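Chain residues, written in single-letter form:
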Amino acid sequence: MRVTSHVVSRFDTGIVLDVTADDLPLRAYVAISDPDPEAVTAFVPPEQFENGANLHVAAISAAHEAAATLEDVLFNMEADDAVAFLCADPESWMATLQQLGYDPDASPLE
């Protein structure tokens, strides 16, 4: 699967990406966060819930889980859905970003 992304914005604990997985457009919120679905309210704007698209939430507790979790999530997504990845630590966060096609050299994190 070909996955590419570009940075939309940053927030205190993460980054927002517009992602294209093959021909599937989606929004990804990737945060370093506890695996609590309620945590998404801190960084997913209310507008994300107003357009009728689904918000999927996935926890990633270790870097080696990123690829399999992304594959599972993408299998269940529709065009223009969004996903919030709640990553346990900086290593799992970076692994998830890499799986989403994020290129830190093209758009370095601050």
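This text goes with the structure placed above it.
Novice: Explanation requested: the sheet that holds strand E2 (residues 14-21) in the structure shown.
Specialist: In a beta sheet, neighbouring strands pair by backbone hydrogen bonds and run either parallel or antiparallel. As summarised here, the arrangement of the five strands in space is E1-E2-E3-E5-E4, forming an open sheet in which the pairing is mixed. The strands lining the two open edges of the sheet, one partner per strand, are strand E1 (3-11) and strand E4 (55-60). The sheet shows a mean angle of 25 degrees between the axes of neighbouring strands, taken without regard to direction. As paired elements, E1 and E2 share eight bridges and run antiparallel to each other. By the bridge assignment for E2, Phe11 is matched with Gly14. With respect to the sheet, helix H2 (residues 66-75) is in contact with E2, strand E3 (24-32), E4 and strand E5 (82-87), its orientation differing from that of E4 by roughly 165 degrees. Contacting E1, E2, E3, E4 and E5, helix H3 (residues 90-99) crosses the sheet at an angle of about 170 degrees to E3.

Novice: Explain the pattern of salt bridges here, please?
Specialist: Charged atoms that come close allow side chains of opposite charge to pair. In this structure the tally under the stated criterion is one salt bridge. Where Arg27 meets Asp18, a salt bridge forms, and the shortest distance between an N and an O atom there is 2.6 Å. The exposure class assigned to Arg27 is partly exposed, which follows from its relative accessible area of 25%.

Cut-offs applied
Residues numbered from 1 in each chain as written. Predicted model: local features only at pLDDT ≥ 70, side-chain atom pairs only at ≥ 80, totals over all residues. Heavy atoms only, no water. Pairing = 2+ DSSP bridges. Helix = DSSP H or I, 4+ residues; strand = E, 2+ residues; numbered from the N terminus. Axes fitted to C-alpha atoms, helices over the stretch in contact; angles between N-to-C directions. Contact = heavy atoms within 4.5 Å. Salt bridge = Lys/Arg side-chain N within 4 Å of Asp/Glu carboxyl O. Buried < 20%, exposed > 50% of the residue type's maximum accessible area, 1.4 Å probe, protein only.

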